[in-house]
Structures are given as structure tokens and as C-alpha cells.
Amino acid sequence: MAPKVLVSDKLSETAVQIFRDRGIDVDFMPDVGKDKEKLAEIIGQYDGLAIRSATKVTETILANAHKLKVIGRAGIGTDNIDKPAASKKGVIVMNTPFGNMVTTAEHAIAMMFAVARQIPDANASTHAGKWEKSKFMGSELTNKTLGIIGIGNIGSVVADRARGLKMKVIAYDPTLSAEKIAEKGAEKVELDDLLARADFITLHTPLLEATRNILSRDALARTKKGVRIVNCARGGLVDEEALAELLKSGHVAGAAFDVFSVEPATDNVLFNLPNVVCTPHLGAATTEAQENVALQVAEQMSNYLLTGAVENALNMPSVTAEEAKVMGPWIKLADHLGAFIGQLTDEPIKAINILYDGEASTMNLEALNCAVVSGIMKATNPDVNMVSAPVMAKERGVQISTTSQDQSGAFEGYIKVTVVTDKRERSIAGTVFSDDKPRFIQIKGINIDAEVGAHMLYTTNKDVPGIIGTLGQTMGENGVNIANFTLGRNKAGGDAIALLYVDAPVPDPVLAKLKDTGLFQQVQPLEFDVA
Ligand SMILES: NC(=O)C1=CN([C@@H]2O[C@H](COP(=O)(O)OP(=O)(O)OC[C@H]3O[C@@H](n4cnc5c(N)ncnc54)[C@H](O)[C@@H]3O)[C@@H](O)[C@H]2O)C=CC1
Ligand SMILES: O=C(O)C(=O)COP(=O)(O)O
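Calculation notes
Counting of residues starts from 1 at the beginning of each chain's written sequence and follows it residue by residue. Chains and ligands are labelled by the order in which they are written, letters from A for the one and numbers from 1 for the other. Local features are withheld for residues below a pLDDT of 70 in this predicted model, meaning they are given only at 70 or higher, and side-chain atom pairs are given and counted only at 80 or more; totals for whole chains, interfaces and linings count all residues. UniProt positions are given in the numbering used here, feature names are shortened, and annotations may be inferred rather than shown by experiment. To decide nearness, the C-beta atom of each residue is placed from the backbone, and the residue is near a molecule or strand if that atom lies within 6 Å of it. Under the grouping applied here, Gly and all other residues not named as nonpolar or charged are polar, the nonpolar ones being Ala, Val, Leu, Ile, Met, Phe, Trp, Tyr, Cys and Pro and the charged ones Asp, Glu, Lys and Arg. Strands are runs of DSSP state E lasting at least two residues, helices are runs of H or I lasting at least four, and both sets are numbered from the N terminus onward. An automatic or database domain assignment supplies the start and end points of every domain. For two strands to count as paired, DSSP must find a minimum of two bridges between them. Every axis in this analysis is a line fitted to C-alpha atoms, fitted for helices over the stretch in contact. Angles between the N-to-C directions lie between 0 and 180 degrees. Exposure in this text rests on C-beta crowding, where 20 or more other C-beta atoms within 10 Å of a residue's own make it buried, 12 or fewer make it exposed, and counts in between make it partly exposed. The C-beta atoms are placed from the backbone.

Named according to an unreviewed UniProt entry, the protein is D-3-phosphoglycerate dehydrogenase originating from Marimonas arenosa. Quoted verbatim from the Function (unreviewed entry) field of the UniProt record, the comment on the protein reads "Catalyzes the reversible oxidation of 3-phospho-D-glycerate to 3-phosphonooxypyruvate, the first step of the phosphorylated L-serine biosynthesis pathway. Also catalyzes the reversible oxidation of 2-hydroxyglutarate to 2-oxoglutarate." According to the UniProt record, the Sequence similarities (unreviewed entry) comment for the protein reads "Belongs to the D-isomer specific 2-hydroxyacid dehydrogenase family."

Dropping the structure here:
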């Protein structure tokens, strides 16, 4: 059945067309995002949800999103999505990090001009027939210092344009080195320095715990007298009350805000103050940007739903379409290795160590890691997937480590997973043959060659005569058909294992019979998702 996507915000219809062209069923309901009851009622039908900023993807919406696999944000900021809840539920969250970057930077520059020259007020006054030529004295931008808070994608474009305007650009961004910031044509400064030196301040950080209220009352008080402040990033970055007071006192000469602490902003403390320019979250609102983000989000979501390729996801490593094709069998293998150990382990896991050998080490290891961890976690939570498993492992304090090495043996490459608990270490290795079928090649250090089946039985025993007969006879007598039988031992008379690939789950009474023979240390039925 074709995947089904809901577009719940005002995206360009280009997105709808792309979904249709890719064979995806799409419902275009551009106002439903604002109606949280309706959205909660219908979201259960969809595999994908394409949004802008009006749709709030809360925990409640996610609780009703029974089939949802991907949320695509046609834009940059994802603060309207409860990402931890989405990850926990295994839903990928992706955005389009570059599609509206230039447009938003241009809006910030436009807002800076608007506030420097009081264009909106002068416009209104002129339309009113007042011709107040002496009232609207402005400030030149040339040679002024622009302080950028957050010089990522948008901040960098702003810096570039500002340099073209002959401004001196300084930037506060703790995650970037002075060299990186210099490459963007700006001088790296601390926040206090920026506050003290900037004639214009523009914000370009996401809304995070660390950036919320970054221009607090205290920070605003430390700005240069006559500063003008532009916010085209997110409401909540600036203390609006404190800013309003400083505008009234004349310490701040002007402010240009596109975003507000509460949106839609129908009432705000900044409204109607002198020299405050406001726009209704128009940063990304150009035809070009909306085409870009709609196209990108629809392509990314379609690729994921149809091929498993992951691009621009915020809660899962990227997997290109090409990687998805080549890595498909290896991702399956990683999942099976994890599932094997997960089903055998009933005590808390402390650490998961993953070794990638040869060909496997050249692949996208972050994605393979997610598949291993997901395989392990599935034993205790069948709904877990590659997105939610790492979250679950982290919550449980499981340490994950990886090692890569060049080809070390007969196989072109393999993956070995070792799980450490308080009681023991357990390991399994596997490879993918040229038929693209995952195989288990080593369990407990014992070499084997076992195809992976949906239903399997794993036993461990001392290497004594009669084991094969007992297993075969017990299965046969109880109508369990064996498709494949693999044996291995570390030495004659030592530790031995058997892995049976059976046509149906081994019934409990049959497991009990095997245990009653006293021949086996372990009799463990296993299930694998081989679809
Ligand atoms: N008004 C609008 O319509 C639009 C607004 N936006 C907003 O702009 C924000 C920035 O977008 P991009 O530049 O694409 O993001 P980005 O991720 O490329 O850049 C953000 C920068 O902020 C920096 N940063 C993070 N924490 C910081 C802190 N505590 N102090 C200073 N800097 C910090 C990061 O290191 C990074 O360099 C988005 O998160 C979104 O909220 C984006 C598009 C349109
Ligand atoms: O991309 C972003 O982060 C934006 O804020 C743009 O929001 P919008 O899609 O115009 O509602």
C-alpha cells in the first residue's frame, strides 16, 4: 500500500505534486495544523506529516500518530516539534536547513534598514498626507558595528551582506572558533563585548534552553545607548518587556521583530512603540524560499518513505539513497545480531561494543550502530526502531563503543557485537554474502555458518554424542519442520552450540521437553524480522 502523507500547513503545492509524482497518497489540509483536536483525530492515518511553523507536534499529537514514520519541516526551526517525544516513538524529524536561509537573512537586512530609517512609520505618515520630512531622521549603516548572535547558516549570510554594506561585523557564537568566524568575515567576541560594542544587534540562534532569553533584561541593560535590535530568529530569545521599557526610556533606539514570544502575535508589549518595526513571521516568506523548502521536504520525505534514505534528519544519522541500497543487507544483519543478543539477555545491559571489520568498516557506522542497538532493544520493546533505540539506550545508561579495523580474516567484512552485563559478556558476529543474505558466522567465539530465519532455536551444550539426534527427533515428533541446522563447537568434547532454522515458532511444550533431557545448558527460541 502506498504511504500516506498529510500536509497540515501552508506549503507550496509543489510539495503535493512531488508526493503524487512519487506515488505517495497525500492529503493537503493547510489549515488543519492550527486545529489541534482535528489533527489529533486524523493523524493516526498517516505515515508522514509535512509542516511549517503553525502545526505544533506535541506529545498528544504523537500519542495518536500510530503509523507516523517521518515529520518533515519545510523550513529550519523545529522548536514546534516535541523532538524527544518523536524520537522515543521512533519518528524521524527532518528539516530543510538551507532552503530559506538566504531569504531569512535578507529579511533581517531589510528589517535593519527599516529600523535604521524608520521606513514603516515614514511610509504611514506619508500615506496620511503629513509630509513629516524632519521627523524621520535615520542612522547610516556604513561603518556601524553589527553584532550577530549565532553565526550559523543564516547569520553567515547576514554577515556577508553586512560586509557588503561596509559594516564592521562582530559575532558571538560559542560553538565556532575565531578562525571559522573570521572566514565568515566577522570577529569572534564574547557576548558582553558584543553588547558593549554593537550599534545593531541581530539574533540568529535557534530557540534552545541556552538561548532562551539570551537578551535578558540584564543583557539589554549592558547594550550601547542607541542600539537597534533585530530579531528574525525566534520569539523567546529577547525579554520583550525589558526591551519595551528600554525603548520607552530611549536607551534602545529601535527594534525590528519578525518573531514573538507568543505566536500568532495579536497583542504584544512591543506593538505601537515608537520605532518598532514588526512583521508576522515573514522571514521565510518569499516565493523562492517556499518553493525550495516545499520541494526539498517532499523529496526528503518521499525518499525516506520509499527507499529508507535519510537526509537532514535531526534525530537519526543520514543515509543516502545509494547507501540505503548498498547498506540494506548490512543494516538487516546489524539488526539480527542485536536481536540475537537482545533475546538472550535478560539482565541490564551495561555496554554494547561493536566491531566493524573490512568492508563493514567502510560503511555509515552511525546508521549501523542504530540498527544494532535497535535490534537489541526490540527484545524488550517491539515498537523500538533505529530512531528511538539510541534514546532508550541512553536513558538506560548503556555505553556504546565502536571499533573499526581492516579486513582481518577470510570474510571481506563482518560485524561483531559484544554485550556486557554485570554477569557476563556475550558476543555474536555476522557477515553478508554476495547473495545479500545476512549470516551468523560466530557465536561465543565458536565458528558457524547460519542463515537467519524468522523462527530459530538456539541451544548450548557440552559436545557429547546424541545431541543432533535428540534435537531432530524431538522436533520431528512434535511436527516442527527444520529448514536448516547448524552446529559448532570450540573443541572436541568442549562447548557446542546448535542453531536451528525452523518453519514455525517452537511450541513451549517442545522447549520444555528439550530442557528436561538435561543435555542442554540453554534452549532459547529466537524470532527475527527477516521481511
Ligand atoms: N523568521 C523566520 O521565518 C525564520 C527563522 N529561523 C530561525 O533562525 C534560526 C537560525 O537558523 P540557522 O542559521 O539556519 O541555524 P544554524 O544552526 O545554521 O545556526 C545557528 C547558530 O546558532 C549558534 N548558537 C547555538 N547556541 C548558541 C548560543 N547559546 N549563543 C550563541 N550562538 C549559539 C550555533 O552555534 C549556530 O552557529 C533557526 O533556528 C530558526 O529558529 C529560520 C528560518 C526562518
Ligand atoms: O524555517 C523556519 O525556522 C521559520 O521560522 C519559517 O517559518 P514558516 O515556515 O514561515 O512558518
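Engineer: Would you take a moment to explain the site of ligand 2 for this structure?
Structural biologist: Neighbouring ligand 2 are Arg52, Ser53, Gly75, Ile76, Gly77, Asn100, His281, Gly283, Ala284 and Ala285. Class assignment for the residues of the shell around ligand 2 results in 3 nonpolar, 6 polar and 1 charged.

Engineer: When you look at the site of ligand 1 in this model, what are you seeing that I'm missing?
Structural biologist: The environment of ligand 1 is made up of 34 residues, and the closest members are Gly77, Gly150, Gly152, Pro206 and Gly283. At the level of secondary structure, the elements contributing two or more residues to the shell around ligand 1 comprise helix H5 (101–117) and helix H7 (153–164). Considering every element that reaches the shell around ligand 1, the biggest residue donor is H7, with 3 residues. Residues that form the shell around ligand 1 fall into these classes: 17 nonpolar, 14 polar and 3 charged. If you count residues domain by domain, the shell around ligand 1 takes at least three from each of domain 1 (1–99 + 285–316) and domain 2 (101–278).

Engineer: Sorry if this is basic, but what is going on with the sheet that holds strand S20 (residues 482–489) here?
Structural biologist: Sheet strands pair via backbone hydrogen bonds, and the direction of the pair is either parallel or antiparallel. Spatially, 4 strands are ordered S20-S21-S19-S22 in an open sheet, and the strand pairing comes out antiparallel. Pairing within the sheet leaves two strands with one partner each, and these edge strands are S20 and strand S22 (520–527). The mean angle between the axes of side-by-side strands here comes to 15°, regardless of whether they run parallel or antiparallel. One ladder, built from 8 bridges, connects strand S19 (residues 455–462) with strand S21 (residues 495–502); its direction is antiparallel. Counted as the bridge partner of Thr460 is Ile497 from S21.

Engineer: Is there a simple way to explain unusual backbone geometry in this structure?
Structural biologist: Most peptide bonds adopt trans geometry, and most residues besides glycine take a negative phi value. Here the residue pair Glu263 and Pro264 is connected by a cis peptide bond, since its omega of -5° sits within 30 degrees of zero. Looking at the secondary structure, you find Pro264 in the loop between strand S11 (252–257) and strand S12 (276–278). Residue Trp131 is not a glycine yet carries a positive backbone phi of 45°. Locating Trp131 in the fold gives a position in the loop between helix H6 (119–127) and strand S6 (145–149). Residue classification places Trp131 among the exposed residues on the basis of 9 C-beta atoms within 10 Å. Notably, Asn143 is not glycine yet its phi reads approximately 70°, a positive angle. On the secondary structure map, Asn143 appears in the loop between H6 and S6.

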